[in-house]
Amino acid sequence: MEIRELRKSFGANTVLKGIDLTVEKGDVIAILGPSGSGKTTLLRCINFLEKSDSGTMVFDDETYDLGHMHRADIAAIRKKTAFVFQNYNLFANLTALGNVTLGLTSARKMDKEKARWIGMEMLDKVGLSDRADYYPIQLSGGQQQRVAIARALATNPEIIYFDEPTSALDPELIGEVLTVMRQLAEDGMTMLVVTHELSFAENVSSRVIFMENGSIVEQGPSKEFFADPREQRTREFLKNIRTQHDA
Amino acid sequence: MSERIWNILVEGFVKIMLASIKVTIPLTVLGFSFAMIIAMFMALVQYAKVPVLRQLSRLYIWIFRGTPLLVQLYLAYFGLPKIGIVLNSFLCAVVVFSLNEGAYCAEIMRSALEAVPEGQMEAGYCVGMNYLQIMQHVVIPQALRTAFPPLSNSVIAMLKDTSLVAEITVADMFMAAQKIVGRTYEPLWLYCEVALIYLFFSTILTFVQRYFEKRLSAYNSRETEVRTQE
């Protein structure tokens, strides 16, 4: 997948000032940046939850004009992608299993038994097969986010977008979600992850993108990025986060 | 209590119950069923922001919520024949109650739909569903759950309001009581009796409401967790 010159503004406020981004199969890309830098908006534009003002997207060798997307194209691309939200957004009226299978039975017309089988397999993958019949409200935040990841996996997407998947979680619940994400990365899943977890960016992701004020300031392989950031601004950001973390 | 009063009350009971079976219950059931269909339609066109239909829906709700039920009944039964529309009194009652109750329930449904968080819709899109699929499987079920208590309230209110149809010559429970009062001059006993029978029916509805609320509450009550773990 490739994004070129993606622009987006809310009224007079320009949030994304021409973003270029290439994601290859198997990439795990972490997007870092201070709040308000446009990271989340970038993900939401890429999955059409927000309408971009202009830009080009290449997805599976098809080229799309982001400023004028057709509904059918959006639907087709969404069937190949998945999204994990900061606040989980599990379907409140469905059980964990129901959440995982709805995309299969409803959007993809899969038969119930087969969907159930896949659903249980996915819940097992995130370690929650014993919670299949629980409703979201009966699960902890970490468990809900793992169900959300199982839901994302069930549709066998080519790429999963994660929008600050651990930001709403209690510190002791973050680990279980990151463990699942690390496993996915090891299995070769393509992931684009907006995060504040430096350790995830450093140890799991293959590339890191640092954004500020709607532009990409620096990007590179994660080892180099953390060992020797080129930009002054990146160094400051990393230093700030690390001091907070140590304090 | 004298034997005369006792006999009047027994006669009253039989006639009022018969009237409930013939008029009050069917009127409530039919009126509320049609009201729900109207309400669902009106709420959905507003929620989905369907042009024109949305404005018509607002207009309808404005008129039927803004005018008295009794005036609506009189207008339909005594007024419409002047322009050639003659409905029998029961049909007239069903139509007016459906439209009146539909206007209130439309507002209940609309607010319940709007109370479903935006993220539910977004999550639906992200697993590849289209608008109608999300509405069917996610948004409407959640909205119905939210709307259930106020809708139960409405059906109980409507059951009692059906006593107004005696005014347009429909032989409901209240008219059955009035007729016997006219003959026996025992308003205290008979109106108490009919009030108790209304109370009996609305109590049944209250229990039905509680039963379904419990069953529907599975997904927004933590109690079930405790139960399943025990």
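Everything that follows concerns the structure shown earlier in this document.
Thresholds applied
- Residues numbered from 1 in each chain as written.
- Chains lettered and ligands numbered in written order.
- Predicted model: local features only at pLDDT ≥ 70, side-chain atom pairs only at ≥ 80, totals over all residues.
- Helix = DSSP H or I, 4+ residues; strand = E, 2+ residues; numbered from the N terminus.
- Rg over C-alpha atoms; globule rule 2.2 N^0.38 Å.
- Buried ≥ 20, exposed ≤ 12 C-beta atoms within 10 Å, placed from the backbone.
- Pairing = 2+ DSSP bridges.
- Axes fitted to C-alpha atoms, helices over the stretch in contact; angles between N-to-C directions.
- Contact = placed C-beta atoms within 7 Å.
- Nonpolar A, V, L, I, M, F, W, Y, C, P; charged D, E, K, R; others polar.
- Core = buried A, V, L, I, M, F, W, Y, C linked by C-beta atoms within 7 Å.

Asker: Could you give an account of the overall build of chain A, with specific residues and numbers?
Answerer: Tallying secondary structure elements over chain A gives 9 helices and 10 strands in all. Relative to the globule expectation of 18 Å for 247 residues, the C-alpha radius of gyration of chain A, 18 Å, shows essentially globular dimensions. Seen along its three principal axes, the alpha-carbon backbone of chain A occupies a region of about 55 × 45 × 30 Å. Sorting the 247 residues of chain A into buried and exposed places 50% on the buried side.

Asker: How would you summarise the sheet that holds strand β5 (residues 62-65) of chain A if you had to cite specific residues and measurements?
Answerer: All names here are of chain A. Taken together, the 4 strands give an open sheet; going across it, the order is β2-β1-β4-β5, and neighbouring strands pair in antiparallel fashion. Each edge of the open sheet is held by one strand with a lone partner, namely β2 (13-22) and β5. For this sheet, the mean angle separating the axes of adjacent strands, direction not counted, is 20°. Inspection of the sheet shows strand β4 (residues 54-59) paired to β5 by 4 bridges, in the antiparallel sense. Paired with F59 across the two strands is E62, which belongs to β5. Most of the contacts of helix α1 (residues 39-46) go to β2, to which it runs at about 65°, and overall it touches β1 (2-10) and β2.

Asker: Describe the interface of chain B and chain A, naming the residues involved and giving the relevant values.
Answerer: Counting from both sides, the interface comprises 22 residues of chain B and, opposite them, 24 residues of chain A. For the side of chain B that touches chain A, the elements supplying multiple residues, two or more each, are α5 (118-126), α6 (131-161) and α9 (223-229) of chain B. Class assignment for the residues of the side of chain B that touches chain A results in 9 nonpolar, 9 polar and 4 charged.

Asker: I'd like a rundown of the nonpolar core, residues and numbers included.
Answerer: Grouped together as the largest cluster of nonpolar side chains are 138 residues, with contacts concentrated most on A150 of chain A together with M109 of chain B. Each residue touching A150 of chain A, except ones within four places of it in the same chain, is listed here: V100, M122, L123, K125, V126 and L128 of chain A.

Asker: Please set out the sheet that holds strand β3 (residues 28-32) of chain A residue by residue, giving values where relevant.
Answerer: Sheets are built from strands that pair by backbone hydrogen bonding, the pairs being arranged parallel or antiparallel. All names here are of chain A. Pairing is mixed across the open sheet formed by 6 strands, whose spatial order is β6-β7-β8-β3-β9-β10. Each end of this open sheet is capped by a strand with a single partner; those strands are β6 (81-84) and β10 (215-221). Taking each pair of neighbouring strands and ignoring which way they run, the sheet shows an average axis angle of 15°. Pairing of strand β9 (residues 207-212) with β10, which is carried by 6 bridges, proceeds in the antiparallel orientation.

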